[in-house]
Amino acid sequence: MKVLVAGAHGTTGKHIVKKLAAKGHEPIAMIRDESQSEELESLGAKTVIGDLEGDVTEAVKGTEAVIFAAGSGGSTGEDKTIAVDQEGAKKLIDAAKHENVRHFTMLSSMGADIPEEQSGAMATYLKAKAIADEYLMESEIPYTIVRPGPLTDDPETGKIMAETSLGQSDGEIPREDVAEVLVQSLENEYTKNLTFEILSGNLDINEALRNLFE
């Protein structure tokens, strides 16, 4: 499957590209800067120019699925966060709908359902994610929205906990495990049109996702 990856040059995005290629998909990395192409092509991706703050129409053409893994994580100014995490996501959703993509997987965040419980930059980030998530759910595109807890650069474990809501559970999760969940969600009937939260846990990823369906 031809899969456009927004945010492909980020740490999580690179894991997604590698996993897509390893599973026989055709990852297409959306980049803003041509200088990023060599590294991503070495990971198994083709590259296409597209800017979430500009035009993404051409980038989406010919793709069958989208993984949105771009995001500020609350570390940029509020204007940038809204431009990328909210409006950029909406723009990509519109383009994907126009192209009749088969699936759109959104990397969101735990807390997006309760942004009012945060303050400052994190509140802006979570509110932007919440708006983008809602926009996707209303788009009529088959979707999966994945909301991980705090991300780490630890090696993947292949084991998670997954629930529609994990409440105020403490924990974190390696980026590689998040990438695996996002990639599996592309063709996994268990996660179609679902929004769920994930942290490191004791179940194999496929089993944890299957339990969501049951």
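Located above this text is the structure these notes cover.
As the structure is a prediction and not an experimental result, all values here were calculated from the model.

Chemist: Mind showing me how you'd approach unusual backbone geometry here?
Modeler: Excluding glycine, a negative phi dihedral is what most residues carry, and trans is how most peptide bonds are arranged. Residues other than glycine seldom take positive phi values, yet Glu-140 does so here, at roughly 75°. Considering the arrangement of structural elements, one finds Glu-140 in the loop between helix 5 (120-137) and strand 6 (143-148). Assessed through its relative accessible area of 71%, Glu-140 is described here as exposed. A positive phi angle, close to 60°, is found at Asn-193, a residue other than glycine. Structurally, the position occupied by Asn-193 is in the loop between helix 6 (175-184) and strand 10 (194-200).

Chemist: Would you mind showing me how to read the nonpolar core here?
Modeler: When a protein is soluble and globular, its nonpolar side chains tend to lie buried together. Residues Ile-16, Leu-20, Ile-67, Ile-160, Val-181, Phe-196 and Ile-198 are the most contacted members of the largest nonpolar core, which totals 31 residues. Sorting the residues of this core by element identifies strand 1 (2-6), helix 1 (11-22), strand 2 (26-31), strand 4 (65-68), strand 8 (159-163), helix 6, strand 10 and helix 7 (205-213) as the ones contributing at least two each. The leading source of residues in this core is helix 6, at 5 residues. Residues in contact with Ile-16, not counting those within four places in the same chain, are Val-5, Ile-67, Ala-69, Ala-179, Leu-182 and Val-183. Counting residues in each nonpolar core, the second largest holds 26 residues, with Ile-93, Leu-136, Tyr-143 and Ile-145 among its members.

Chemist: How should I be thinking about helix 4 (residues 78-98) in this particular structure?
Modeler: Residue pairs spaced three or four apart in an α-helix point in one direction, given the helix's 3.6 residues per turn. Under the 1.5 Å per step criterion, the end-to-end length of helix 4 is 29 Å for 21 residues, consistent within 8% with the ideal 30 Å. The inward-facing, buried residues of helix 4 contact strand 1, helix 3 (57-60), strand 4, strand 5 (103-107) and helix 5. Within two residues after helix 4, Asn-100 carries a phi angle of roughly 55°, on the positive side.

Chemist: How do you make sense of the pairing of strand 1 when you look at a structure like this?
Modeler: Regular strands have side chains that alternate between both faces of the sheet. Among the 5 residues of strand 1, 4 are classified as buried, and the element is accordingly described as predominantly covered. As paired strands, strand 1 and strand 2 are joined by 5 bridges and run parallel to one another. Across the sheet, the residue bridging to Val-3 is Pro-27, located in strand 2. For the crossover that starts at strand 1, traverses helix 1 and ends in the parallel strand 2, the hand is right-handed.

Chemist: Would you mind going over the side chain of Asp-85 with me for this structure?
Modeler: Note on placement: Asp-85 falls in helix 4. Overall, the relative accessible area of 0% leaves Asp-85 in the buried class.

Chemist: What should I look at first to understand the environment of Lys-2 in this one?
Modeler: One can find Lys-2 in strand 1. A relative accessible area of 33% places Lys-2 in the partly exposed class. C-alpha of Lys-2 to C-alpha of Val-101: the two residues are 99 residues apart in sequence and 9.8 Å apart in space.

Chemist: Is there a simple way to explain the environment of Glu-187 in this structure?
Modeler: Position of Glu-187 relative to the elements: it lies in the loop between helix 6 and strand 10. Taking C-alpha positions, Glu-187 is 18 Å from Ala-6, a pair spaced 181 residues apart along the chain. Excluding residues that lie within four positions of it along the chain, Glu-187 makes contacts with Met-1, His-25 and Arg-102.

Rules used in this analysis
Residues numbered from 1 in each chain as written. Predicted model: local features only at pLDDT ≥ 70, side-chain atom pairs only at ≥ 80, totals over all residues. Heavy atoms only, no water. Helix = DSSP H or I, 4+ residues; strand = E, 2+ residues; numbered from the N terminus. Buried < 20%, exposed > 50% of the residue type's maximum accessible area, 1.4 Å probe, protein only. Core = buried A, V, L, I, M, F, W, Y, C linked by side-chain atoms within 4.5 Å. Contact = heavy atoms within 4.5 Å. Expected span 1.5 Å × (residues − 1). Pairing = 2+ DSSP bridges. Right-handed = clockwise from strand over helix to strand, strands pointing away.

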